[in-house]
Amino acid sequence: MIRLLWAGLIAGCALLLFGLAQAVQDPVVAAYRVAVPGLTRPVRIVQLSDIHYSPIDMPPVRIARIVRQANGLNPDLVLLTGDFSGGKLIDWPRGRLEDGTDPLGALRAPMGVFAVPGNHDQPYWIRWAMLRARITLLAGQGHDVGPFTLVGIDDLVLGDAPEAGLARAVARAIPAKPVIAFAHEPDFWRVLPARADVLIAGHTHGGQFNLFGLAPLNDFYGRYRRGLFRRGHQQMIVSSGIGTSYVPMRIGVPPEIAVITLVPAHSVGRKSGTER
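Nothing here was measured: the structure is a model prediction, and the numbers come from that model. (Residues numbered from 1 in each chain as written. Predicted model: local features only at pLDDT ≥ 70, side-chain atom pairs only at ≥ 80, totals over all residues. Heavy atoms only, no water.)

Colleague: Would you explain unusual backbone geometry in this entry?
Modeller: Peptide bonds are, in most cases, trans, and in most cases residues other than glycine have a negative phi. Of note in the backbone geometry, Asp50 takes a positive phi value of approximately 55° without being a glycine. You can see Asp50 is positioned in the loop between strand 2 (43–48) and helix 2 (60–71). Not every positive phi belongs to a glycine, and His52 is a case in point at roughly 50°. Note on placement: His52 falls in the loop between strand 2 and helix 2. (Helix = DSSP H or I, 4+ residues; strand = E, 2+ residues; numbered from the N terminus.)

As C-alpha coordinates, this is what we get:
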(Lines give C-alpha, C1' and ligand atoms only; values in the text may rest on other atoms or scores of the structure.)
Protein backbone atom coordinates (compact mmCIF):
# COMPACT_ATOMS: atom_id res chain seq x y z
CA MET A 1 0.00 0.00 0.00
CA ILE A 2 2.80 2.41 0.90
CA ARG A 3 4.52 1.68 -2.41
CA LEU A 4 1.29 2.45 -4.26
CA LEU A 5 0.94 5.73 -2.38
CA TRP A 6 4.51 6.68 -3.23
CA ALA A 7 3.99 5.70 -6.85
CA GLY A 8 0.84 7.82 -7.02
CA LEU A 9 2.63 10.77 -5.43
CA ILE A 10 5.56 10.53 -7.84
CA ALA A 11 3.22 10.21 -10.83
CA GLY A 12 1.21 13.22 -9.65
CA CYS A 13 4.33 15.35 -9.23
CA ALA A 14 5.60 14.29 -12.66
CA LEU A 15 2.26 15.24 -14.25
CA LEU A 16 2.32 18.60 -12.48
CA LEU A 17 5.83 19.37 -13.71
CA PHE A 18 4.96 18.22 -17.23
CA GLY A 19 1.84 20.40 -17.28
CA LEU A 20 3.73 23.42 -15.96
CA ALA A 21 6.48 22.94 -18.55
CA GLN A 22 3.88 22.92 -21.34
CA ALA A 23 2.13 25.96 -19.86
CA VAL A 24 5.25 28.14 -19.88
CA GLN A 25 6.58 27.20 -23.32
CA ASP A 26 6.74 29.91 -25.98
CA PRO A 27 3.39 30.24 -27.78
CA VAL A 28 2.92 28.58 -31.14
CA VAL A 29 1.41 30.65 -33.95
CA ALA A 30 -2.02 29.65 -35.22
CA ALA A 31 -2.57 31.28 -38.62
CA TYR A 32 -5.98 31.93 -40.18
CA ARG A 33 -6.93 33.42 -43.54
CA VAL A 34 -10.49 34.78 -43.59
CA ALA A 35 -12.32 36.24 -46.60
CA VAL A 36 -14.50 39.23 -45.71
CA PRO A 37 -17.04 40.71 -48.17
CA GLY A 38 -16.61 44.44 -48.61
CA LEU A 39 -13.06 44.56 -47.29
CA THR A 40 -10.88 46.71 -49.54
CA ARG A 41 -7.43 45.46 -48.52
CA PRO A 42 -5.80 42.74 -46.42
CA VAL A 43 -5.48 43.34 -42.67
CA ARG A 44 -3.21 41.31 -40.42
CA ILE A 45 -4.57 40.89 -36.88
CA VAL A 46 -2.60 39.45 -33.97
CA GLN A 47 -4.81 38.15 -31.15
CA LEU A 48 -3.59 37.54 -27.61
CA SER A 49 -6.14 35.94 -25.33
CA ASP A 50 -6.41 34.77 -21.71
CA ILE A 51 -3.11 36.08 -20.42
CA HIS A 52 -4.05 35.36 -16.78
CA TYR A 53 -1.18 37.21 -15.15
CA SER A 54 0.45 35.10 -12.43
CA PRO A 55 3.90 35.11 -10.80
CA ILE A 56 3.85 31.33 -11.20
CA ASP A 57 3.45 30.80 -14.95
CA MET A 58 2.81 34.27 -16.43
CA PRO A 59 5.19 36.75 -14.76
CA PRO A 60 5.90 40.18 -16.31
CA VAL A 61 9.13 38.95 -17.94
CA ARG A 62 7.22 36.25 -19.84
CA ILE A 63 4.50 38.68 -20.89
CA ALA A 64 7.19 41.04 -22.19
CA ARG A 65 8.72 38.17 -24.19
CA ILE A 66 5.32 37.31 -25.70
CA VAL A 67 4.81 40.99 -26.57
CA ARG A 68 8.10 40.97 -28.47
CA GLN A 69 7.00 37.82 -30.30
CA ALA A 70 3.68 39.46 -31.20
CA ASN A 71 5.37 42.62 -32.45
CA GLY A 72 7.68 40.46 -34.56
CA LEU A 73 4.62 39.14 -36.42
CA ASN A 74 4.15 42.65 -37.89
CA PRO A 75 0.45 43.11 -37.10
CA ASP A 76 -1.69 45.85 -38.58
CA LEU A 77 -3.97 45.53 -35.55
CA VAL A 78 -3.68 43.84 -32.14
CA LEU A 79 -6.71 42.48 -30.29
CA LEU A 80 -6.59 41.39 -26.65
CA THR A 81 -9.58 39.20 -25.84
CA GLY A 82 -9.85 39.39 -22.08
CA ASP A 83 -8.89 37.62 -18.85
CA PHE A 84 -5.83 39.62 -17.88
CA SER A 85 -6.25 38.77 -14.17
CA GLY A 86 -4.95 35.59 -12.55
CA GLY A 87 -7.94 33.30 -12.12
CA LYS A 88 -6.00 30.57 -10.28
CA LEU A 89 -7.40 28.53 -7.42
CA ILE A 90 -4.50 29.95 -5.41
CA ASP A 91 -3.07 33.23 -6.76
CA TRP A 92 0.14 33.23 -4.74
CA PRO A 93 2.28 35.13 -4.38
CA ARG A 94 -0.24 37.93 -4.95
CA GLY A 95 0.70 40.37 -7.69
CA ARG A 96 -0.68 43.69 -8.85
CA LEU A 97 -2.87 43.77 -11.95
CA GLU A 98 -0.69 46.45 -13.52
CA ASP A 99 2.33 44.15 -13.28
CA GLY A 100 0.57 41.95 -15.84
CA THR A 101 -0.88 44.70 -18.02
CA ASP A 102 1.90 47.29 -18.13
CA PRO A 103 4.10 45.10 -20.41
CA LEU A 104 1.23 45.06 -22.93
CA GLY A 105 1.78 48.78 -23.42
CA ALA A 106 4.78 47.86 -25.60
CA LEU A 107 2.53 46.26 -28.23
CA ARG A 108 2.75 48.12 -31.54
CA ALA A 109 0.38 48.12 -34.52
CA PRO A 110 -0.37 50.97 -36.97
CA MET A 111 -4.15 50.47 -36.69
CA GLY A 112 -4.02 50.31 -32.89
CA VAL A 113 -4.15 47.96 -29.91
CA PHE A 114 -7.63 47.19 -28.56
CA ALA A 115 -8.94 45.08 -25.69
CA VAL A 116 -12.16 43.68 -24.23
CA PRO A 117 -12.65 42.57 -20.61
CA GLY A 118 -12.98 38.93 -19.56
CA ASN A 119 -14.88 37.13 -16.85
CA HIS A 120 -11.90 37.33 -14.46
CA ASP A 121 -11.46 41.09 -14.96
CA GLN A 122 -13.05 43.40 -12.40
CA PRO A 123 -14.76 46.12 -14.52
CA TYR A 124 -13.34 49.20 -12.78
CA TRP A 125 -9.78 47.98 -12.40
CA ILE A 126 -9.41 46.56 -15.91
CA ARG A 127 -10.45 49.94 -17.33
CA TRP A 128 -7.90 51.62 -15.10
CA ALA A 129 -5.18 49.15 -16.12
CA MET A 130 -5.86 49.51 -19.87
CA LEU A 131 -5.83 53.31 -19.58
CA ARG A 132 -2.52 53.07 -17.74
CA ALA A 133 -1.09 50.86 -20.52
CA ARG A 134 -2.52 53.18 -23.23
CA ILE A 135 -4.64 50.42 -24.70
CA THR A 136 -8.14 51.19 -25.97
CA LEU A 137 -10.77 49.13 -24.14
CA LEU A 138 -14.00 48.57 -26.08
CA ALA A 139 -16.92 47.18 -24.07
CA GLY A 140 -20.09 47.65 -26.08
CA GLN A 141 -18.55 50.23 -28.40
CA GLY A 142 -17.53 50.39 -32.03
CA HIS A 143 -14.43 52.03 -33.47
CA ASP A 144 -13.68 52.90 -37.08
CA VAL A 145 -10.22 51.52 -37.80
CA GLY A 146 -10.26 52.34 -41.53
CA PRO A 147 -11.02 49.21 -43.56
CA PHE A 148 -13.80 48.12 -41.17
CA THR A 149 -15.68 48.92 -37.99
CA LEU A 150 -14.27 47.14 -34.95
CA VAL A 151 -16.83 46.28 -32.26
CA GLY A 152 -15.69 45.27 -28.79
CA ILE A 153 -18.19 43.31 -26.68
CA ASP A 154 -18.46 43.64 -22.89
CA ASP A 155 -17.98 40.50 -20.83
CA LEU A 156 -20.82 38.01 -20.59
CA VAL A 157 -20.44 37.52 -16.82
CA LEU A 158 -19.25 40.86 -15.40
CA GLY A 159 -20.31 43.18 -18.21
CA ASP A 160 -23.14 45.69 -18.38
CA ALA A 161 -25.88 44.31 -20.71
CA PRO A 162 -23.32 42.97 -23.21
CA GLU A 163 -25.82 41.64 -25.76
CA ALA A 164 -27.63 44.97 -25.93
CA GLY A 165 -24.30 46.79 -26.23
CA LEU A 166 -23.27 44.50 -29.08
CA ALA A 167 -26.52 45.13 -30.94
CA ARG A 168 -26.25 48.92 -30.53
CA ALA A 169 -22.61 49.07 -31.60
CA VAL A 170 -23.23 46.97 -34.72
CA ALA A 171 -26.32 49.02 -35.62
CA ARG A 172 -24.23 52.21 -35.48
CA ALA A 173 -21.46 50.83 -37.70
CA ILE A 174 -20.66 52.61 -40.95
CA PRO A 175 -22.97 50.99 -43.53
CA ALA A 176 -20.41 50.69 -46.32
CA LYS A 177 -17.79 48.87 -44.23
CA PRO A 178 -17.51 45.32 -42.85
CA VAL A 179 -17.99 44.77 -39.12
CA ILE A 180 -15.45 42.76 -37.13
CA ALA A 181 -16.48 41.97 -33.55
CA PHE A 182 -14.30 40.65 -30.76
CA ALA A 183 -15.20 39.34 -27.33
CA HIS A 184 -13.86 37.20 -24.53
CA GLU A 185 -16.48 34.46 -24.75
CA PRO A 186 -17.46 32.70 -27.99
CA ASP A 187 -21.03 32.53 -26.59
CA PHE A 188 -21.81 35.70 -28.55
CA TRP A 189 -21.77 33.55 -31.69
CA ARG A 190 -25.34 32.64 -30.69
CA VAL A 191 -26.52 36.26 -30.85
CA LEU A 192 -24.13 37.81 -33.37
CA PRO A 193 -26.11 40.31 -35.47
CA ALA A 194 -26.34 39.48 -39.16
CA ARG A 195 -24.56 42.75 -39.97
CA ALA A 196 -21.36 41.46 -38.32
CA ASP A 197 -19.01 39.45 -40.55
CA VAL A 198 -16.46 38.03 -38.11
CA LEU A 199 -16.30 37.27 -34.37
CA ILE A 200 -12.92 36.82 -32.67
CA ALA A 201 -12.96 35.24 -29.19
CA GLY A 202 -11.03 33.25 -26.58
CA HIS A 203 -12.04 32.00 -23.11
CA THR A 204 -12.01 28.24 -23.79
CA HIS A 205 -8.21 27.78 -23.40
CA GLY A 206 -8.73 25.07 -26.01
CA GLY A 207 -9.77 22.95 -23.03
CA GLN A 208 -6.34 23.58 -21.40
CA PHE A 209 -6.10 19.80 -20.91
CA ASN A 210 -6.44 17.28 -23.69
CA LEU A 211 -5.94 13.83 -22.25
CA PHE A 212 -6.73 10.90 -24.52
CA GLY A 213 -8.84 13.20 -26.71
CA LEU A 214 -10.95 14.41 -23.78
CA ALA A 215 -11.19 18.06 -22.66
CA PRO A 216 -13.10 19.37 -19.61
CA LEU A 217 -15.59 21.57 -21.49
CA ASN A 218 -19.36 21.80 -21.75
CA ASP A 219 -21.09 20.91 -25.01
CA PHE A 220 -20.98 24.42 -26.48
CA TYR A 221 -17.34 25.09 -25.63
CA GLY A 222 -16.45 21.57 -26.68
CA ARG A 223 -17.93 22.28 -30.10
CA TYR A 224 -16.22 25.67 -30.37
CA ARG A 225 -13.10 24.83 -28.45
CA ARG A 226 -10.59 26.29 -30.88
CA GLY A 227 -10.30 27.16 -34.57
CA LEU A 228 -12.27 28.70 -37.42
CA PHE A 229 -16.02 28.25 -37.73
CA ARG A 230 -18.52 29.34 -40.38
CA ARG A 231 -22.26 29.95 -40.40
CA GLY A 232 -23.59 31.41 -43.63
CA HIS A 233 -21.57 34.53 -44.39
CA GLN A 234 -20.35 34.82 -40.77
CA GLN A 235 -17.11 33.39 -39.41
CA MET A 236 -15.68 32.97 -35.92
CA ILE A 237 -12.12 32.39 -34.71
CA VAL A 238 -11.60 31.01 -31.20
CA SER A 239 -8.08 31.07 -29.75
CA SER A 240 -6.89 28.74 -27.01
CA GLY A 241 -4.91 31.67 -25.58
CA ILE A 242 -1.58 31.88 -23.83
CA GLY A 243 -2.26 31.64 -20.09
CA THR A 244 -3.88 29.23 -17.66
CA SER A 245 -6.90 29.26 -15.38
CA TYR A 246 -7.44 27.47 -12.03
CA VAL A 247 -4.13 25.59 -12.20
CA PRO A 248 -0.87 26.66 -13.91
CA MET A 249 -0.82 23.69 -16.27
CA ARG A 250 -1.47 22.85 -19.91
CA ILE A 251 -1.40 19.31 -21.25
CA GLY A 252 -1.75 18.66 -24.97
CA VAL A 253 -2.94 22.22 -25.59
CA PRO A 254 0.03 24.56 -26.15
CA PRO A 255 -0.27 28.30 -25.60
CA GLU A 256 -0.88 30.11 -28.87
CA ILE A 257 -0.90 33.48 -30.60
CA ALA A 258 -3.53 33.75 -33.32
CA VAL A 259 -2.60 35.57 -36.51
CA ILE A 260 -5.74 36.35 -38.50
CA THR A 261 -5.32 37.70 -42.01
CA LEU A 262 -8.51 39.27 -43.28
CA VAL A 263 -8.62 39.46 -47.07
CA PRO A 264 -11.18 40.88 -49.53
CA ALA A 265 -13.64 38.15 -50.41
CA HIS A 266 -13.24 38.68 -54.16
CA SER A 267 -9.50 37.94 -53.92
CA VAL A 268 -10.04 34.30 -52.85
CA GLY A 269 -13.69 33.69 -53.61
CA ARG A 270 -15.67 32.62 -50.56
CA LYS A 271 -13.07 30.23 -49.13
CA SER A 272 -11.06 30.61 -45.96
CA GLY A 273 -8.60 28.32 -44.25
CA THR A 274 -6.53 27.55 -41.21
CA GLU A 275 -2.80 26.83 -40.99
CA ARG A 276 -0.78 25.48 -38.11
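Colleague: Just checking my understanding: could you explain the sheet that holds strand 9 (residues 198–201) for this structure?
Modeller: Picture the strands of a sheet paired through backbone hydrogen bonds; they go either parallel or antiparallel. Taken together, the six strands give an open sheet; going across it, the order is 6-7-8-9-11-10, and neighbouring strands pair in mixed fashion. What marks the edges here is a single partner per strand, and that holds for strand 6 (141–144) and strand 10 (227–231). The average angle at which neighbouring strand axes cross in this sheet is 20°, direction not considered. Here four bridges tie strand 9 to strand 11 (residues 234–238), and the two strands are oriented parallel to one another. Opposite Ala201, over in strand 11, you have Val238 as the bridge partner. (Pairing = 2+ DSSP bridges. Axes fitted to C-alpha atoms, helices over the stretch in contact; angles between N-to-C directions.)

Colleague: Looking at this structure, I do not really get the nonpolar core. What am I missing?
Modeller: What tends to happen in soluble globular proteins is that the nonpolar side chains get buried as a cluster. One finds Leu80, Phe84, Leu104, Leu107 and Ile135 to be the most contacted residues of the largest nonpolar core, which totals 28 residues. Every element with two or more residues in this core is listed here: strand 2, helix 2, strand 3 (77–81), strand 4 (113–116), helix 4 (123–132) and strand 12 (256–264). Ranked by residue count, the leading element in this core is helix 2, at four residues. Counting 24 residues, the second-largest nonpolar core is a separate cluster that includes Ile45, Phe114, Ile180 and Ile260. (Core = buried A, V, L, I, M, F, W, Y, C linked by side-chain atoms within 4.5 Å. Buried < 20%, exposed > 50% of the residue type's maximum accessible area, 1.4 Å probe, protein only.)

Colleague: How should I be thinking about the layout of surface pockets in this particular structure?
Modeller: It is the rolling of a water-molecule-sized probe over the atoms that shows where space remains empty. Space inside the largest pocket adds up to approximately 280 Å³. What lines the largest pocket is a set of 16 residues, among which His203, Thr204, His205, Ser245 and Tyr246 lie closest to the centre. Residues belonging to the lining of the largest pocket are distributed by class as follows: six nonpolar, nine polar and one charged. Taken as a whole, the second largest pocket spans an internal volume of roughly 200 Å³. Taken together, Tyr53, Ser54, Pro55, Ser85, Gly86, Gly87, Asp91, Pro93, Arg94, Gly95, Arg96 and Leu97 form the lining of the second largest pocket. Partitioning the lining of the second largest pocket into residue classes produces four nonpolar, five polar and three charged. (1 Å grid on protein atoms, 1.4 Å probe; cavity = no way out; pocket = protein on both sides within 12 Å on 5 of 7 lines; lining within 4 Å. Points joined across faces, edges and corners; volume = space filled by probe spheres on them. Nonpolar A, V, L, I, M, F, W, Y, C, P; charged D, E, K, R; others polar.)

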